[in-house]
Amino acid sequence: MQNYLETKQKLMINTLENLVNIDSGSYLKSGVDQIGEFLLTEYKALGFMATVYEQEDFGNHIVFHHQDAKDPAILIMAHMDTVYPEGTVKERPFHINGNRAYGPGIIDMKSSLVSVLFAIKALKESGDISYQNVVLLLNSDEEVGSPTSRSLIEEIAADKKFALVMEPARKDGSLVSSRRGKGNFTLHVRGRAAHSGIEPEKGRSAIEELAYKVIQFQDLNDHEKGISVNVGLIEGGSSINTVSEHATAQIDIRISDKEQAQEIEEKIEEICSVTTVPGTEVELEGEMNRPPMEKNKQTVQLLKFIKDAGKEIGLEITDTATGGGSDASFTAAVGVATVDGLGPIGGNSHSEKEYLEIDSLTERTLLLAMIIKKLSE
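Residues numbered from 1 in each chain as written. Predicted model: local features only at pLDDT ≥ 70, side-chain atom pairs only at ≥ 80, totals over all residues. Heavy atoms only, no water.

Novice: What should I look at first to understand the sheet that holds strand 2 (residues 61-66) in this one?
Specialist: As a general point, the strands of a sheet are linked pairwise by backbone hydrogen bonds and lie either parallel or antiparallel. Read across the open sheet, the six strands follow the order 1-2-6-3-7-16; overall the sheet is mixed. Because the sheet does not close on itself, it has two edges, and the strands there are strand 1 (48-53) and strand 16 (337-339). Strand-to-strand twist of the sheet, defined as the mean angle between neighbouring strand axes without regard to direction, takes the value 20 degrees. Relative to strand 7 (residues 162-165), strand 3 (residues 74-79) is paired through four bridges, and the arrangement is parallel. Paired with Met 77 across the bridge in strand 7 is Val 165. (Pairing = 2+ DSSP bridges. Helix = DSSP H or I, 4+ residues; strand = E, 2+ residues; numbered from the N terminus. Axes fitted to C-alpha atoms, helices over the stretch in contact; angles between N-to-C directions.)

Novice: I would appreciate a short explanation of empty space enclosed by the protein in the present structure.
Specialist: Taking a probe equal in size to a water molecule and rolling it over the atoms shows the remaining empty space. Tallied over the full model, the rule gives three cavities of 30 Å³ or more. When its volume is computed, the largest cavity comes out at roughly 40 Å³. When its residues are assigned to classes, the lining of the largest cavity shows three nonpolar, four polar and one charged. (1 Å grid on protein atoms, 1.4 Å probe; cavity = no way out; pocket = protein on both sides within 12 Å on 5 of 7 lines; lining within 4 Å. Points joined across faces, edges and corners; volume = space filled by probe spheres on them. Nonpolar A, V, L, I, M, F, W, Y, C, P; charged D, E, K, R; others polar.)

Novice: Looking at this structure, I do not really get the sheet that holds strand 14 (residues 281-290). What am I missing?
Specialist: Strand order in the open sheet made by the four strands is 11-13-9-14, with antiparallel pairing throughout. Strand pairing shows two members of the sheet lacking a second neighbour, strand 11 (228-236) and strand 14, which therefore form its edges. Taking each pair of neighbouring strands and ignoring which way they run, the sheet shows an average axis angle of 15 degrees. Bridge count between strand 9 (residues 181-190) and strand 13 (residues 246-255): 10 bridges; the pairing is antiparallel. Looking at strand 13, one finds that Gly 181 is bridged to Ile 255. Sitting on the sheet, helix 7 (residues 206-218) touches strand 9, strand 11, strand 13 and strand 14, and the angle it makes with strand 11 is about 170 degrees. Contacts between helix 8 (residues 259-272) and the sheet are confined to strand 9, strand 11, strand 13 and strand 14, with strand 14 contributing the most and set at about 170 degrees to the helix. (Contact = heavy atoms within 4.5 Å.)

In structure tokens form, the structure reads like this:
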């Protein structure tokens, strides 16, 4: 398989260039579906059957399984959407500088789409049928919290033994064995407008009430327990000489174990149940939308298989925890042994400096093929 992938490196890079040069932000349905149509053609040529889950506001989700599959045990997940708005590709298309390739979504996660495709091709070319033991789920809304694909992920994962999630490896090559849970909330405060010079006493400041709430939210931080609460965005008011009638805050919450979710939600609701500024009202929207991916016995066992696969090709595999969220949380929460970060190596995701370490593309593709092979023995 290694020889095959080395001979296909140029084709892999060309394929990656084609995918990167398609704008496919989460809300650009036509672009995401263009990615999907390309992959539909590729996988059908490999004997895979596809079920397309059509979406109105996002790109369509696609689930692949081989026509000769019998109770496949491995779920591989990758997303087709990026965080970038339409027109980004025109501003900075795919390009190579030294040992790195650049472009919107190149590491998160279009290089992973290429890696999965060529891992399957490498297995088939070598005569190893373990690729038939794979179900591949490609979703289109991961970057916005997987609102339409979460239930599909949980349904497909329910009877699988292993979940391999193709978010990029860390910059040092480590895989991801645990992730923090995540919640997004928006707080709306309504007050009463008044002229701040003529009759300020008639006003009820939404901004003042919001300020009290922000302090209370920030006091929920408990970094020793792995609880992070960040009021990341605030806005309010209409003019400098008007007592503010409205104000909002957006809050990001991270937790380290599932028991903390209920605890933190109860505390937030308690904060929002009363107001400090008389005459103001508050309304809270949102939820804890990603459970934590906790490192457990199943994870450790799966990591052992993966590390053994790495040894066979001369790679020493390490793993780490991260605070970022991914769809790996959903498979882990339904009891499936899950490891994330199985994509190629790169960095600076979600920025104009996003890059791929080119050598890692074939290296991590070979690793993925070996993992599929070893898990199917």
